[in-house]
Amino acid sequence: MTSSESISTEDVRLRPPSVDQLLAWPVMARLSAIHGRPLVLEAVRNLLAQWREQAEPFNDTDFAADVEQSVLSTVSPSQRRVFNLTGTVLHTNLGRAPLPQEAIEAMVAVASGASNLEFDLEKGKRGDRDDHVEDWVCRLTGAEAATVVNNNVAAVLLVLNTLARRKEVVVSRGELIEIGGAFRLPDIMARAGCKLHEVGTTNRTHPRDFEEGISSRTGLLMKAHTSNYRIEGFTAEVAEADLATIAHTHQIPLAVDLGSGSLLDMTTLGLPAEPTVRGTLEQGVDVVTFSGDKLLGGPQAGIIAGRRDLIAKIRKNPLKRALRCDKQTLAALEAVLRLYGNPDIVAQRVPALRLLSRPEPAIRQTADTLIGPLSRWAGQDWHLDVTEVRSQIGSGSLPLDLLPSAAVRLTPQGGNKRHRGRQLKALSSRLRQLPIPVIGRIADEALLLDCRCLEDAGPLVAQLEAGGSEP
Ligand SMILES: *Cc1c(COP(=O)(O)O)cnc(C)c1O
């Protein structure tokens, strides 16, 4: 608020002006002109109600400032960019895979107007939205056909509901997975209208368990990639090829939920092996489901690839209409898949792959450049150094910390353990309040900022330097 807008002769009074009088103040008129009268009215009413609960005189200047702050906070975007320095590359809470420039441009190109989303430009008649990506998925995976829905859970739901509604689905007990709390395979199965038939034990399942589990009620054999945990020791699982043989002997399809489902051999990037979609289909699996925004590095989507007749059935399920994805997603996915068409560039052009395979020395270099600006910003209560850490892939891929990385470590100095704990929380909170919030992690009584996902430190340094040196 500028001084020319100062509001009344008396700054402090016992009773507030009426709502109409308040809205007539120049500061309110200015806010209404920019942000609309309803939001200003809402703020005025809320703050008046708050004022009534306190037994204090009414201060015009304070009230005007509070209204302005409240309106500005309401209109500031809720979802914003953040710096992911958690060390988890595909962080579900932070939006998973960053998109390649090509995908962003493809989304923008279709977002602002009409597109041939479901229109065949050659024939001049209705097309299918899957057409934009199906050929690419088939080319990259060897599948006969493919369809795309909103996310991988939707893909699993749709496969189950299409292929095994009112029937039994035979699954190994060792694969009844829960992902991120909200997705449990047994729950999805029930919602899909299927009856779960568990076979084997948690640690061991044999081919004969599946053989014995199959009956006239069986609609589907299913295998879920246990991506977010690992059962070690005395274990046995049935290989896909053997499962496929069992399934096909009984003329039942086999579905595999791959979760991440990679389109290339991750070991070529120096990363831990993950089953590829192509490799899984080559085992004789009939349908696979996988996410668009995990190792693929694209937008949120669930991809279903496999046998042509089964994909055709899946596409005809009315639930497909409820689970379909929008034109922006399809545009982004198409652009990402196109990058996979050229194996020489994909690892550099798809940010998720580039970040996952980023060499430790480059990460360390970034961390080094942050030490100065961060220590000036944090103040003298902190000791900073660069330390070796391990990043995680995230999103249910291999839960182990596997990727050698480097982090800036901020360690509070002095005070007792409780005091240092409070300092750590306060510093994390200050980092979250920066214009582009910075999200790190607290471990071993220090705040770690893993620099793997920070390819350009410039914007982070700039906002630290703009923020002054002391809290
Ligand atoms: C991640 C995951 C899912 C869920 O995929 P979303 O794309 O998050 O819906 C399902 N199954 C497995 C095995 C997964 O790893």
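Residues numbered from 1 in each chain as written. Predicted model: local features only at pLDDT ≥ 70, side-chain atom pairs only at ≥ 80, totals over all residues. Heavy atoms only, no water.

Participant: Any details on the side chain of Asn152? Residues and values, ideally.
Facilitator: Here Asn152 lies in helix α7 (residues 152-164). Of the residues examined, Asn152 reaches a relative accessible area of 8% and is grouped as buried. A polar contact of 3.0 Å, which involves the side chain of Asn152, links it to the side chain of Asp257. Residues within four places of Asn152 in sequence aside, it is in contact with Asp257, Gly259, Thr289, Phe290, Ser291, Ala301 and Gly302. (Helix = DSSP H or I, 4+ residues; strand = E, 2+ residues; numbered from the N terminus. Buried < 20%, exposed > 50% of the residue type's maximum accessible area, 1.4 Å probe, protein only. Polar contact = N/O pair within 3.5 Å; in protein donor to acceptor, adjacent residues only side chain to side chain. Contact = heavy atoms within 4.5 Å.)

Participant: Tell me about the sheet that holds strand β10 (residues 195-199), and name the residues and values.
Facilitator: Taken in spatial order, the seven strands of this open sheet run β6-β14-β13-β12-β11-β7-β10, and their pairing is mixed. Each edge of the open sheet is held by one strand with a lone partner, namely β6 (145-149) and β10. Within the sheet, the average angular offset between the axes of one strand and its neighbour, ignoring direction, is 25°. Pairing analysis gives four bridges linking strand β12 (residues 254-259) to strand β13 (residues 287-291), with the strands arranged parallel. Across the sheet, Val256 pairs through a bridge with Val288, a residue of β13. Sheet contacts for helix α6 (residues 131-141): β6 and β14 (302-306); angle to β6, the most-contacted strand, approximately 125°. (Pairing = 2+ DSSP bridges. Axes fitted to C-alpha atoms, helices over the stretch in contact; angles between N-to-C directions.)

Participant: Break down the sheet that holds strand β15 (residues 382-391) for me, citing the residues and quoting the values.
Facilitator: Paired through their backbone hydrogen bonds, the strands of a sheet run either parallel or antiparallel. One open sheet holds the four strands; their spatial order is β15-β16-β19-β18, and the pairing between them is antiparallel. Strands with a single pairing partner mark the edges of an open sheet, and in this sheet they are β15 and β18 (441-443). Within this sheet the neighbouring strands show an average axis-to-axis angle of 35°, counted without direction. Looking at chain direction, strand β16 (residues 403-412) and strand β19 (residues 446-450) are connected through four bridges and run antiparallel. The residue of β19 that forms the bridge with Arg409 is Leu448. Packing against the sheet, helix α17 (residues 360-378) makes contact with β15, β16 and β19, and its axis sits at approximately 15° to β16. Sheet contacts for helix α18 (residues 417-432): β15, β16, β18 and β19; angle to β19, the most-contacted strand, approximately 30°.

Participant: So what's going on with the nonpolar core? Which residues, and what values?
Facilitator: Grouped together as the largest cluster of nonpolar side chains are 62 residues, with contacts concentrated most on Leu221, Val288, Leu337 and Tyr340. The greatest single-element share of this core, amounting to nine residues, is contributed by helix α14 (residues 327-340). Among the domains, domain 2 (83-91 + 354-466) and domain 3 (101-349) are the pair contributing at least three residues each to this core. Discounting residues that sit within four places of it in the chain, Tyr340 has contacts with Leu140, Leu263, Leu264, Leu295, Leu296, Val346, Val350 and Leu353. Of all hydrophobic cores here, the second largest spans 29 residues; its members include Phe183, Leu185, Ala192 and Ala224. (Core = buried A, V, L, I, M, F, W, Y, C linked by side-chain atoms within 4.5 Å. Domains from an automatic or database assignment.)

Participant: Explain the packing of α6 against α14 residue by residue, including any values.
Facilitator: Any two packed helices are characterised by the angle at which their axes cross and by the distance between the axes. Between α6 and α14, the least distance of the axes is 9 Å, while the angle of their chain directions is 30°. Compared by their axis directions, α6 and α14 come out roughly parallel. Crossing geometry of α6 relative to α14 is assigned as left-handed. Across the interface between the two elements, His132, Val133, Trp136, Val137 and Leu140 from α6 touch Leu330, Leu333, Glu334, Leu337, Arg338 and Tyr340 from α14. Split into classes, the residues belonging to the contact of α6 with α14 amount to eight nonpolar, one polar and two charged. (Parallel < 35°, antiparallel > 145°, perpendicular 65-115°, else oblique. Left-handed = near helix turned anticlockwise from the far one by under 90°. Nonpolar A, V, L, I, M, F, W, Y, C, P; charged D, E, K, R; others polar.)

Participant: Account for helix α12 (residues 308-316), with residues named and values stated.
Facilitator: Buried within α12 we find Leu310, Ile311 and Ile314. Projected onto a plane normal to the axis of α12, the buried residues spread over an arc of 100° and lie on a single side. More than 90 degrees from the buried face of α12, the exposed residues found are Arg308 and Lys316. Of the surrounding elements, those touching the buried residues of α12 are β6, α7, β13, β14 and α13 (318-323). (Arc of directions from axis to C-beta.)

Geometric values such as these leave the question of function open.
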